[in-house]
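Given next are the chains, with one letter for each unit.
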Amino acid sequence: MVTLQRIVVIGAGAWGAALANVAARAGREVVLVARDAAAAEAVRRAGASPHLPDVALDPGIAIAAGAEAAAGADAVLLVVPAQAHGPVAATLAPVLRPGTPVVACAKGIERGSRRFMTEVIAAALPSATPAILSGPSFASDVARGLPTAVTLAAGDDAVAVALAHALGTTTFRPYHATDLRGVEIGGAAKNVLAIAVGIVRGRRLGASAAAALTTRGFAELMRFGRAYGARSETLTGLSGLGDLILTCSSPQSRNFSLGIAIGEGLSPEEARHGGLLAEGAFTAPVLVEMAGERDVDMPIATAVAAVLDGRLSVGQAIEALTTRPFRAEH
């Protein structure tokens, strides 16, 4: 098995800092790349990401800025928002060796192109080896070394195994897989569903309603995944059901928190005013469009998209869901 020793993490936000700490704990040589020189200096001075100020970075992590810092990387973790994956990945083209694994660490679908994250990487970096890391994981938990398990997928099983060994520790357990599409769909779709469950929480509709919506949302995720070639066992694993359970149950989730704020009466624009990135808000309309293309019934995701763009109020969306015809569960 090839050893991936030099790990470059692109993105010094909370999740980037957490994964840099993971790689350092695994004994790797780690470079954390901030968006520019000023941001890199701020991280260096603070010894922490400004987005995760209470968790110190491992002192062995090098802080840098610019794509050239990725030169000589054995693997790159791309830890920037989903909609930025393409432009940021393209900047790495001049410096990466052919075949270098580039791991998408965001959960979403690119708007416009409707590409999944590994497809975005493949388009921007044709000579790289795309991979995806996803699963039930909050940055603060991972950064502190609390026990976490995720899925790490690559098209080549040997690459997936090597990446899992490069990042795995006693507290961070990556399960390797080859079902890229299943891992990507689980991460992208659950963010949209978490907004719906957050709205239920904010509206104070009760735990029973939240459980029902989470379960029926998972049925939507499964239908969409099967339509786009995902394996059922992936969708019922960490990166599908596991991530859905976490994201739909804790205010630490930005998508869940966005839904809570909307359920409590804020408009979608007001709810986003805090500046925290909720990937599900970008993914919802794309997910619904792609579902329509393959005749996949996704009423919950459709309601979320309609609420976010102002076509339905929360009350109207709830009525649309609760007045659907009775039907068999499966």
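Report on the accompanying structure. All values derive from a computational prediction rather than experimental measurement.

It is worth spelling out the sheet that holds strand β7 (residues 148-154) at this point. Spatially, β3-β2-β1-β4-β5-β6-β7-β8 is the arrangement adopted by the eight strands of the open sheet, whose pairing is mixed. The sheet terminates laterally at β3 (62-65) and β8 (172-177), the two strands that pair on one side only. Here the strands of the sheet are splayed against their neighbours by 25° on average, with no regard to which way each runs. Packing against the sheet, helix α1 (residues 14-25) makes contact with β1 (6-10), β2 (29-34), β4 (75-78), β6 (129-134) and β8, and its axis sits at approximately 170° to β2. Contacting β4, β5 (101-104) and β6, helix α4 (residues 117-124) crosses the sheet at an angle of about 155° to β6.

If you check which residues of helix α2 (residues 37-46) are buried, you get Ala39, Ala40 and Val43. The buried residues of α2 occupy an angular sector of 100° when projected down its axis, which confines them to one face. Summarising the geometry of α2, the exposed residues directed more than 90 degrees from the buried face are Ala37, Ala38 and Arg45. Those residues of α2 that are buried lie in contact with β2 and β3. Measuring from the side-chain oxygen of the N-cap residue of α2 to the backbone nitrogen of Ala38 gives 3.2 Å; that N-cap residue is Asp36. Phi turns positive, to about 70°, at Gly47, one or two residues after α2.

Here we take up α4. Among the residues of α4, Met117, Thr118, Val120, Ile121 and Ala124 are the ones counted as buried. Angular distribution of buried residues about the axis of α4 spans 155°; they occupy a single face of the element. Of the surrounding elements, those touching the buried residues of α4 are β4, α3 (85-90), β5, β6 and α7 (180-202).

Before going further, it helps to examine the packing of α7 against helix α10 (residues 238-247). Axis separation between α7 and α10 bottoms out at 8 Å; the angle between their running directions is 25°. On the basis of their axis angle, the class for α7 and α10 is roughly parallel. In this structure, the crossing between α7 and α10 has a hand that is right-handed. Residue-level contacts link Val183, Gly186, Gly187, Lys190, Asn191, Leu193 and Ala194 of α7 to Ser239, Gly240, Asp243, Leu244 and Thr247 of α10.

Another point: the side chain of Asp179. Structurally, Asp179 is set in the loop between β8 and α7. Within the structure, the side chain of Asp179 is placed 3.0 Å from the backbone nitrogen of Gly182, a separation counted as a polar contact. Looking at Asp179, its side chain comes within polar contact range of the side chain of Thr234, at 2.7 Å. Apart from the residues within four sequence positions on either side, Asp179 is in contact with Ala153, Gly229, Ala230, Arg231 and Thr234.

The rules behind each value
- For every chain, the first residue of the written sequence is number 1, and numbering continues from 1 along that sequence.
- Confidence filtering applies because this is a predicted model: local features only for residues at pLDDT of at least 70, side-chain atom pairs given and counted only at 80 or more, and all residues used for totals across whole chains, interfaces and linings.
- Values reported for side chains reflect all heavy atoms of the structure, with hydrogen atoms and water molecules removed beforehand.
- Only strands that DSSP links by at least two bridges are regarded as paired with each other.
- Secondary structure is summarised from DSSP: a helix means a run of H or I of at least four residues, a strand means a run of E of at least two, and numbering begins at the N terminus for each.
- Fitted lines through C-alpha atoms serve as axes, helices being fitted only where they are in contact, and the angles separating the N-to-C directions of these axes extend from 0 to 180 degrees.
- Contacts are assigned to residue pairs that have any heavy atoms within 4.5 Å of one another.
- Whether a residue is buried, partly exposed or exposed follows from its accessible area with a 1.4 Å probe, protein chains only, as a fraction of its type maximum: under 20%, in between, or over 50%, in that order.
- Note that the arc is computed from the directions linking the helix axis to the C-beta atoms.
- Counted as a polar contact is a pair of N or O atoms within 3.5 Å, where, for protein atoms, one must be capable of donating a hydrogen and the other of accepting one, and residues adjacent in sequence contribute only when both atoms are in side chains.
- Any angle that falls under 35 degrees is termed roughly parallel, while one over 145 is termed roughly antiparallel, one within 65 to 115 roughly perpendicular, and all others oblique.
- What makes a crossing left-handed is the near helix being turned counterclockwise from the far one by less than a right angle; a clockwise turn instead makes it right-handed.

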